[in-house]
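Inside the fold
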Amino acid sequence: MKRNYARYITGWATAEASGAQPEKLLYALAERGIPFWGAEPPRDFSLTVEIPWRAIKLAPALGASIGCEVRIISCHGLPAVFKKLRQRVVLLACLAIMLGLLLVSGAFVWDIQISGNETIPEGVIRQALAECGVDIGSFWPAMSQDQVRNSMILKLPGIRWMTVTIRGSHAEVIIREKRTYIEPVDEGEYVNLVAAKTGLVTEVLALRGTALTEENRTVLAGEVLVAGYATGRYGTIQGLTRAIGSVTARTWYEMTVEAPVNVEEKTSLEDKTVQWALVLGKTRINFYKGSSICPADCDKIIEEYSLSVGGLFTLPLTVERAVYTPYVTQSVEALELREEMEAMLLAALAETIGQEGEILSARFTASNGDGVLYVTLFAECQEQIAQAVPMTAEEILEIQKKIVVTEEAEP
């Protein structure tokens, strides 16, 4: 393989010797230390042989010395390519111009990739970058990354730090936003754990405070489950605190959703229309007539193809392909509609009970009236129902009075 590469770089030619004894050419080449290969007799009194590029001019003279006619049939390798290019001035000029444009375009930004943003929209970041001098078509050697970073932090206070890395004509912007820290729990705030829903208690875990409920007991929404005070050995109230813990209970849900029976869905047709456009920097050239606005009863899908190499450089040239697919609407069967509605109810229930909740059982009923389909979900779940509710001033005052009384009564 290495030998073939070296041969391609140095070049070689196919020579044909014609005469009474064409094989004498091989002896002549060997006497002068010229390598050759691929010798074959294509016909009588003729011989073809591969010789290196440096022996092309010497071959006819060797043929005359042995009484044969030697001519070069074909040339191969890089020297042959360069020889052909020297005869095509216009092609060389075009290649030089393209190479120059490529080198010049590499000094401008033609692609901006933003990553790391979570809450700040990408459009807002791009607009701020443009105001700071980082935009499509910007001359990046004149940019100061420190200045861009400082200006961006002033324009977008939500940015903690950022970096701009430019490779060729590709700019990579990495954003790190300021974290929203959760405020620490105020230990001086007295809180009760209250039932957010009605349910049958299956587990009580009171890490701080006094549990006022127990397993296998039904609680109502708004009922205090874990009180925000501590009790002593004799059950007396010793002081206010912040209740911490969890209460798991079985809950029951009844959820109904309705939809008209005559629901229609889209079905794509095979008659598609394709529009092409060329985007040069910020200039758009359309290769179609009319508007690019998607007509009614039609879907539009846009695909963009840019000339870039692995993030190293990007040319200011993008080919855009828009496919318009017409569609027709068809009525959805009642069974399909019911299945979709059941799936919607299950998704809504799962969102209601949260990730820690569990659906123990579920059943559906359906009824049709006045052209409307009603689907009802009856479900039994198990979930955490305790929620923290701060005590009111009246509740705090009442408990403080009990603390004084119990302290006097306790031996």
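Residues numbered from 1 in each chain as written. Predicted model: local features only at pLDDT ≥ 70, side-chain atom pairs only at ≥ 80, totals over all residues. Heavy atoms only, no water.

A short note on the pairing of strand β18 (residues 283–286)
Where strand β17 (residues 273–280) and β18 come together, four bridges link them in antiparallel fashion. For A277, the partnering residue across the bridge sits in β18 and is N286. Where β17 hands over to β18, the hairpin turn is made up of two residues, of which G281 adopts a positive phi near 65 degrees. (Pairing = 2+ DSSP bridges. Helix = DSSP H or I, 4+ residues; strand = E, 2+ residues; numbered from the N terminus.)

Regarding the environment of R54
Structurally, R54 is set in the loop between β3 (46–52) and α3 (58–65). Since its relative accessible area comes to 61%, R54 is described here as exposed. Counting along the chain gives 20 residues from R54 to I34, while the straight-line C-alpha distance between them is 9.1 Å. Setting aside residues no more than four positions away along its own chain, R54 makes contact with G33, I34 and P35. (Buried < 20%, exposed > 50% of the residue type's maximum accessible area, 1.4 Å probe, protein only. Contact = heavy atoms within 4.5 Å.)

Describing the packing of aromatic side chains
The description of two aromatic rings rests on the distance between their centres and on the angle between their planes. This structure, assessed with the given rule, holds one aromatic pair. Positioned above the aromatic ring of W37 is the side chain of R7, whose terminal nitrogen or guanidinium carbon lies 4.1 Å from the ring centre. (Phe/Tyr/Trp six-rings, centres within 6.5 Å; stacked < 30°, edge-to-face > 60°. Lys NZ or Arg CZ within 6 Å of the ring centre and 35° of its normal.)

So, a nonpolar patch on the surface
A cluster of nonpolar side chains, contributed by V274, W276, L280, I285, F287, Y305 and V319, occupies part of the molecular surface with about 620 Å² of accessible area. At three residues, β17 tops the list of elements feeding residues into the nonpolar patch. (Patch = residues over 30% accessible without salt bridge, like charges linked within 9 Å, V, L, I, M, F, W, Y side chains within 5 Å. Areas by Shrake-Rupley, 256 points an atom, 1.4 Å probe, with all protein chains shown as cover. Salt bridge = Lys/Arg side-chain N within 4 Å of Asp/Glu carboxyl O.)

So, the nonpolar core
In globular proteins that are soluble, nonpolar side chains generally tend to be buried together. Counting residues in each nonpolar core, the largest one holds 20 residues, and the members touching the most others are I112, I125, L129, M152, M162 and V173. Breaking this core down by element, the ones donating at least two residues are β5 (111–115), α6 (122–131), α7 (145–155), β6 (159–167) and β7 (170–177). When residues of this core are assigned to their parent elements, the largest contribution, four residues, is made by β6. Not counting residues up to four positions away in its chain, the partners in contact with M162 are L129, R149, M152, V173, I174 and I175. (Core = buried A, V, L, I, M, F, W, Y, C linked by side-chain atoms within 4.5 Å.)

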